[in-house]
Amino acid sequence: LQRSRPPQPLPPPARSPTMSKFKPRCRLYLQVAAPFTARLESQLSQALSDVSPACVLICGADEQLEPTALDGLIDRVHGAGAACLIESANEACADLGADGVHIAADQILYAEARKVLGESANIGVGCGLDRHEAMALAESGADYVAFGAPGSGDFEALSDTIAWWSELFVVPSVAWDSTVIGAAERLTELGVDFIAPPRTIWDSDAALDSLRDMDRAIGSIRRNA
């Protein structure tokens, strides 16, 4: 795989006690969805400056963004020191030098993405609350698993899943579509590595304030390694 720029890997949540007695701080994982308007571009640029997210996921890129616009967006994210992933778009990722893809939890999809993008790519999987799929894909080499409570928004089930994963596995976990700061703080205490606010957060005029507040809240929590 030939890249137009060096990859920006997601920071590994190393737990070795020889490195630190603390687990790395939880960080934000941002989602942005096409069409990429001037307003969204301005919001994202400010967020990249204000909250230093670990990753930005571009959603809907294949259908609604021209390659030149997508390439510029990837450059902007990389310039801020964050990894840039594309949702379910292996070819766009390979062509434009993004760092990887986010896909549904499926062994066939994962194998295809890994074949196209190579071992150095970041490939994350959205698992809902499916522990079996999360374990299987982590064993296959997924770089992170994302947990969310689809439909019902069952926070207790999500909390239990995050706590279980953090206790047993070293593959990073992401809390998907988390909007409430108190809930994000609780998931951070339970060991989640990244908090991913929903892509719809940008619809609010208070989006940047919300992201700053959440980043400050989760970043202040230290967890034992």
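Rules behind the numbers
- Residues numbered from 1 in each chain as written.
- Predicted model: local features only at pLDDT ≥ 70, side-chain atom pairs only at ≥ 80, totals over all residues.
- Heavy atoms only, no water.
- Helix = DSSP H or I, 4+ residues; strand = E, 2+ residues; numbered from the N terminus.
- Buried < 20%, exposed > 50% of the residue type's maximum accessible area, 1.4 Å probe, protein only.
- Pairing = 2+ DSSP bridges.
- Right-handed = clockwise from strand over helix to strand, strands pointing away.
- Contact = heavy atoms within 4.5 Å.
- Disulfide = S-S within 2.5 Å.
- Axes fitted to C-alpha atoms, helices over the stretch in contact; angles between N-to-C directions.
- Parallel < 35°, antiparallel > 145°, perpendicular 65-115°, else oblique.
- Left-handed = near helix turned anticlockwise from the far one by under 90°.
- Nonpolar A, V, L, I, M, F, W, Y, C, P; charged D, E, K, R; others polar.
- Phe/Tyr/Trp six-rings, centres within 6.5 Å; stacked < 30°, edge-to-face > 60°.

What follows is about unusual backbone geometry. Note the cis peptide between Ala34 and Pro35, where omega equals 5°. Its place among the elements puts Pro35 in the loop between strand 2 (27–33) and helix 1 (38–50). Its identity as a non-glycine residue notwithstanding, Ser52 has a phi of 50°, on the positive side. The topology assignment puts Ser52 in the loop between helix 1 and strand 3 (55–59). Residue Asp177 is not a glycine yet carries a positive backbone phi of 55°. Mapped onto the elements of the fold, Asp177 is located in the loop between strand 8 (173–176) and helix 8 (181–190). Residue Asp177 is classed as partly exposed on the basis of its relative accessible area, which comes to 39%.

Another aspect to go through is the pairing of strand 5 (residues 100–104). Counting buried positions along strand 5 yields 4 of 5 residues, so the element is predominantly enclosed. As paired elements, strand 4 (residues 83–87) and strand 5 share 3 bridges and run parallel to each other. Within strand 5, the residue paired with Ile86 across the bridge is Val101. For the handedness criterion, the β-α-β arrangement of strand 4, helix 4 (residues 90–96) and strand 5 is classed as right-handed.

Another point: the environment of Trp164. Inspection of the secondary structure puts Trp164 in helix 7 (residues 155–168). Separated by 33 residues in sequence, Trp164 and Arg131 have C-alpha atoms that sit 9.3 Å apart. Those residues in contact with Trp164, other than ones at most four positions away along the chain, are Arg131, Met135 and Phe169.

Moving on, we get to the pairing of strand 2. A large share of strand 2 lies buried, amounting to 5 of its 7 residues. As paired elements, strand 2 and strand 9 (residues 194–196) share 2 bridges and run parallel to each other. What sits directly across from Leu28, in strand 9, is Ile195. The pairing of strand 2 with strand 3 spans 5 bridges and is parallel. Counterpart to Ala33 in the pairing with strand 3 is Cys59. With respect to chirality, the unit in which strand 2 leads through helix 1 into the neighbouring parallel strand 3 is right-handed.

Moving on, we get to the state of the cysteines. As enumerated under the stated definition, the model contains 0 disulfides in all. With no disulfide partner, Cys55 has as its closest neighbouring cysteine sulfur the one in Cys84, 7.2 Å distant. Cys55 gets classed as buried once you look at its relative accessible area, which sits at 0%.

Another aspect to go through is the packing of helix 1 against helix 9 (residues 207–219). It is the contact of helix 1 with helix 9, at a shortest axis distance of 10 Å, that shows an interaxial angle of 20°. Comparing their axes, helix 9 and helix 1 come out roughly parallel. Between helix 1 and helix 9 the crossing geometry is right-handed. Along its contact with helix 1, which presents Gln43, Gln46, Ala47 and Asp50, the element helix 9 presents Ala207, Leu208, Leu211 and Arg212. Residue composition of the contact of helix 1 with helix 9, by class: 4 nonpolar, 2 polar and 2 charged.

To continue, consider the sheet that holds strand 7 (residues 144–147). Spatial ordering of the closed barrel is given by 2-3-4-5-6-7-8-9, a layout of 8 strands whose pairing is parallel. The average angle at which neighbouring strand axes cross in this sheet is 25°, direction not considered. Helix-sheet contacts for helix 1 involve strand 2 and strand 3, and the interaxial angle to strand 2 is about 170°. This element, helix 5 (residues 107–117), spans strand 5 and strand 6 (122–128) of the sheet and lies at about 170° to strand 5.

Right, let's talk about the packing of aromatic side chains for a bit. On inspection of all chains with the given rule, the structure shows 6 aromatic pairs. Ring geometry for Tyr29 against Tyr144: centres 5.7 Å apart, planes inclined by 80°, an arrangement best described as edge-to-face. Of this pair, Tyr29 sits in strand 2 while Tyr144 sits in strand 7, and the two are 115 residues apart along the sequence. By relative accessible area, which is 0% here, Tyr29 ends up buried. On the basis of relative accessibility, which here comes to 0%, the residue Tyr144 falls in the buried class. A ring pair is formed by Phe147 and Trp165, whose centres lie 5.6 Å apart and whose planes are at 65°; its orientation type is edge-to-face. Of this pair, Phe147 sits in strand 7 while Trp165 sits in helix 7, and the two are 18 residues apart along the sequence. A single burial state applies to Phe147 and to Trp165, both of which are buried. Put simply, the rings of Phe147, Trp164, Trp165 and Phe169 pair up and form one aromatic cluster.

Interpretation in functional terms is not warranted from these geometric data alone.
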